[in-house]
Protein chains: 2
Amino acid sequence: MTDTCTTLKPRERIIGAARDLFRKHGINGIGVDAIVDAADSNKMTLYRHFGSKDDLVAACLKQAAQEAESFWKDLEAAYPGDPMAQLKDWARLAAGKLEVRDCNCEMASVAFQLADGDHPARAVIQEFERLQRERLTALCRRAGIADAELLANALILLVDGARANIRASGSEGPSTSFVQIAEGAIRAFAERGAAR
Amino acid sequence: MTDTCTTLKPRERIIGAARDLFRKHGINGIGVDAIVDAADSNKMTLYRHFGSKDDLVAACLKQAAQEAESFWKDLEAAYPGDPMAQLKDWARLAAGKLEVRDCNCEMASVAFQLADGDHPARAVIQEFERLQRERLTALCRRAGIADAELLANALILLVDGARANIRASGSEGPSTSFVQIAEGAIRAFAERGAAR
């Protein structure tokens, strides 16, 4: 156990400090010096674990993606074997993850900060987005929605919009209607499917 | 005329260079030295015109907000006196402004990069968002939508989501369905209003 701790701890401390500082200052607004200071580590350790600052950004997003897995587990656990109930609760659960300090926003935030070119974070973000879309489409399908792909796309645009808008307009903006709008969309698609 | 040109030109060059560099590197990823170099100007001129880098960011967003005014003028000019036609065309016009190099994304991008606290850009973004929401709500109302505020909120979340998602998933992601989903929402709200 001590072995694992001594090898894992500096890496975890660096990722923790980097995620915090990237959120506060943006990935381009903070240097490795400030990160290793905050992590109580040093540059040699950072480069040994991550190779480069860009790869550290990618590692931070990988950790955020792993944390997001709990979202789908919570949804399944809340209504086991009832995909329509899970879908209906998706909006309420997603609304709880819109706030500025939430890990989900790291993907969108970094995506806005990436310059053109092949930053290693781009692949992590695209894979994360692909997986979220696949999962939501599959849930819509299991819930009996005829046009599952279109409803999944609508819900993704709504949640991404709520997340972006809360940063631009504040929490009193259009994002206050997110749950109502998402639930309305689910209802409309479910009725349309039933009519066929 | 020459007087106006000599006083305006460096300011415009600095704003142009700053907007370009902020888009590429983020507001925290670029310094005033690089901006004045790209603008073929100097730091004294930058500080005389803008006071600080933060105020320069705010000035860039004010210019982007002014440019966005043409959006509403184009919409009105395309279907004068026909608010429902304008509303239906809103989605198609908005879809043409989702791409990465478009000025509209500067608001969302900077909003994601702002740390807590009172950066002068925050007020510019909030005022821009307030005005866009007010205009879209008024258009929905003129088009006879009973729940104009809710439809406007839905359309804002969808377009903000499309803009954010195109950066995360690429242009083959859920944003491909943006126009179809927005038109469907407008249709559904219009039918609901008629049924009352």
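Just so it is clear, the model here is predicted, and its values are computed rather than measured. Each residue is numbered by its place in its chain's sequence as written, counting from 1. Written order decides the labels, with chains lettered from A and ligands numbered from 1. Note on the predicted model: pLDDT of at least 70 is required for a residue's local features to be given, and 80 or more for side-chain atom pairs to be given and counted; whole-chain, interface and lining totals, by contrast, use all residues. In computing side-chain properties, one takes all heavy atoms of the structure into account and sets aside hydrogens as well as water.

1. Re helix α3 (residues 43-50) of chain A
All names here are of chain A.
Argument step 1. Within the span of α3, buried status applies to T45, L46 and F50. Seen from one end, α3 has its buried residues packed into an arc of 105°, which puts them on one side. Exposed side chains of α3 directed beyond 90 degrees from the buried face belong to M44 and R48.
Argument step 2. As used in this structure description, the phrase polar contact means that two N or O atoms lie within 3.5 Å; if the pair is within protein, one of them must be able to donate a hydrogen and the other to accept it, and residues adjacent in sequence are counted only when both atoms belong to side chains. Secondary structure follows DSSP: runs of H or I at least 4 residues long count as helices, runs of E at least 2 residues long count as strands, and numbering of each begins at the N terminus. At the N-terminal end of α3, a side-chain oxygen is found 3.2 Å from the backbone nitrogen of M44, two or three residues along, and the residue is N42.
Argument step 3. Where α3 ends, the next residue or the one after it, G51, has phi of about 80°, a positive value. Residue burial is assigned from relative accessible area. The probe radius is 1.4 Å, only protein chains are included, and a residue is buried under 20% of its type maximum, exposed over 50%, and partly exposed in between. Arc definition: directions from the helix axis to the C-beta atoms.

2. Description of the interface of chain A and chain B
Argument step 1. Here a residue-residue contact requires only that any non-hydrogen atoms of the pair lie within 4.5 Å. Counting from both sides, the interface comprises 42 residues of chain A and, opposite them, 42 residues of chain B.
Argument step 2. With both chains or domains summed, chain A and chain B bury close to 3400 Å², and 64% of this area falls on carbon and sulfur atoms.
Argument step 3. A pairing counts as a salt bridge when a side-chain nitrogen of Lys or Arg comes within 4 Å of a carboxyl oxygen of Asp or Glu. Viewed at the interface, chain B and chain A are joined by zero salt bridges.
Argument step 4. Broken down by secondary-structure element, the contributors of at least two residues to the side of chain A that touches chain B are α1 (2-25), α6 (105-113), α7 (120-142), α8 (148-169) and α9 (178-195) of chain A.
Argument step 5. A per-element tally of the side of chain A that touches chain B places α8(A) first, with 15 residues.
Argument step 6. We call Asp, Glu, Lys and Arg charged. Ala, Val, Leu, Ile, Met, Phe, Trp, Tyr, Cys and Pro are nonpolar, and the rest, Gly among them, are polar. Looking at the side of chain A that touches chain B residue by residue, the class counts come to 17 nonpolar, 15 polar and ten charged. Here's the idea: put two parts together, see how much 1.4 Å probe accessible area each one loses, and the total over both is what we call buried area.

3. Side note on the packing of helix α5 (residues 83-95) of chain A against α8(A)
Residue and element names in this part refer to chain A.
Argument step 1. The geometry of α5 relative to α8 is characterised by a closest axis approach of 11 Å and an angle of 15° between their N-to-C directions. Here α5 is positioned roughly parallel relative to α8, judged by the angle of their axes. For the pair α5 and α8, the crossing hand works out as right-handed. Of the residues in α8, those in contact with L87, W90 and A94 of α5 are L151, L155 and V159. In this description, a line fitted to the C-alpha atoms serves as the axis of each element, helices being fitted only across the stretch in contact, and the angle between N-to-C directions of two axes falls anywhere from 0 to 180 degrees. Here the angle decides the label: under 35 degrees means roughly parallel, over 145 means roughly antiparallel, 65 to 115 means roughly perpendicular, and every other value means oblique. With the far helix as reference, a near helix turned anticlockwise by less than a right angle produces a left-handed crossing, and one turned clockwise produces a right-handed crossing.

4. Structural notes on the packing of aromatic side chains
The description of two aromatic rings rests on the distance between their centres and on the angle between their planes.
Argument step 1. A pair of Phe, Tyr and Trp rings is counted when the ring centres sit within 6.5 Å of each other, with Trp represented by its six-membered ring. The angle between the planes then sorts it: under 30 degrees is stacked, over 60 is edge-to-face, the rest tilted. Tallied over the entire structure, the rule returns five aromatic pairs over all chains.
Argument step 2. Between the aromatic rings of W90(A) and F178(A), the centroid separation amounts to 6.1 Å while the plane-to-plane angle is 65°, which identifies the pairing as edge-to-face. Of the two residues, W90(A) is situated in helix α5 and F178(A) in helix α9; the sequence distance between them amounts to 88 residues.
Argument step 3. Judged by centre distance (5.2 Å) and plane angle (25°), the ring pair of F112(A) and F112(B) falls under stacked. You can see F112(A) sitting in helix α6 and its partner F112(B) sitting in helix α6 (residues 105-113), one on each of two chains. By the burial criterion, F112(A) is buried, and F112(B) matches it.
Argument step 4. Here, over-ring charges are defined by two tests on the NZ atom of lysine or the CZ atom of arginine: distance to the ring centre within 6 Å, and angle to the ring normal within 35 degrees. Directly above the aromatic system of F189(A) lies the positively charged group of R192(A), at a separation of 4.3 Å from the ring centroid.

5. Focus: the packing of helix α3 (residues 43-50) of chain B against helix α4 (residues 53-78) of chain B
Residue and element names in this part refer to chain B.
Argument step 1. At a closest axis distance of 9 Å, the pairing of α3 and α4 adopts a crossing angle of 65°. It follows from the interaxial angle that α3 and α4 lie roughly perpendicular. When the axes of α3 and α4 are compared, the crossing they make is left-handed. Every residue of α4 that contacts α3 at L46, Y47 and F50 is listed here: K53, D55, L56 and A59.
Argument step 2. In terms of residue class, the contact of α3 with α4 is made up of five nonpolar, no polar and two charged.

6. Re the side chain of Q113(A)
Argument step 1. Inspection of the secondary structure puts Q113(A) in helix α6.
Argument step 2. Polar contacts involving the side chain of Q113(A) include one to the side chain of S109(A), which spans 3.0 Å.
Argument step 3. Those residues within four positions of Q113(A) in sequence are excluded, and the remaining contacts are G26(A), I27(A), N28(A) and Q113(B).

7. Describing the nonpolar core
Argument step 1. Judged by nonpolar contacts, the single largest core of 62 residues is most densely connected at L87(A), W90(A), F178(A), L87(B), W90(B) and F178(B).
Argument step 2. Those residues in contact with W90(B) that lie beyond four places of it in its chain are F71(B), W72(B), L75(B), L136(B), L155(B), V159(B), F178(B) and A182(B). Only buried residues count toward a nonpolar core, which is a set of Ala, Val, Leu, Ile, Met, Phe, Trp, Tyr and Cys residues joined through side-chain atoms within 4.5 Å.

8. Quick notes on the confidence of the model for chain A
Residues and elements named next belong to chain A.
Argument step 1. Model confidence for chain A is summarised by a mean pLDDT of 88, while 90% of its residues fall at 70 or above.
Argument step 2. Confidence of the predictor at the level of single residues is given by pLDDT, which spans 0 to 100. Mean pLDDT in chain A bottoms out at α1, which sits at 78, and peaks at helix α2 (residues 32-38), which reaches 97.
Argument step 3. Here residues 1-6 scores under 50 on pLDDT; set against residues more than four positions off or in separate chains, the count is two contacts.

9. Here's the deal with the pattern of salt bridges
Two side chains bearing opposite charge may form a pair once their charged atoms approach each other closely.
Argument step 1. Taken as a whole and judged by the stated rule, the model has 20 salt bridges over all chains.
Argument step 2. Residues R135(A) and E69(A) are paired through a salt bridge, measuring 2.9 Å at the closest nitrogen-oxygen approach. One end of the pair, R135(A), is in helix α7; the other, E69(A), is in helix α4 (residues 53-78), and 66 residues separate them in sequence.
Argument step 3. Linking R19(B) and E106(B) is a salt bridge whose minimum nitrogen-to-oxygen distance equals 2.9 Å. With R19(B) in helix α1 (residues 2-25) and E106(B) in helix α6, the pair connects residues that are 87 residues apart, well separated along the chain. Both residues of the pair, R19(B) and E106(B), belong to the buried class.
Argument step 4. Where salt bridges share partners, they join R19(A), R23(A), E67(A) and E106(A) into one cluster.

10. Quick look at the relation of the copies chain A and chain B
Argument step 1. All copies are superposed by least squares; the fitting set is the C-alpha atoms of residues with a pLDDT of at least 70 in both. Under the fitted operation, chain A is carried onto chain B by 0.0 Å of movement along the axis and a turn of 180°, and the coordinates agree to an RMSD of 0.0 Å. Seen this way, the second copy is the image of the first under a two-fold rotation axis. Of the C-alpha atoms belonging to chain A, the one lying closest to the rotation axis is found on G161(A), 1.7 Å away.
Argument step 2. Here 100% of the contact residues of chain A are again contact residues in chain B; the copies associate through an equivalent surface.

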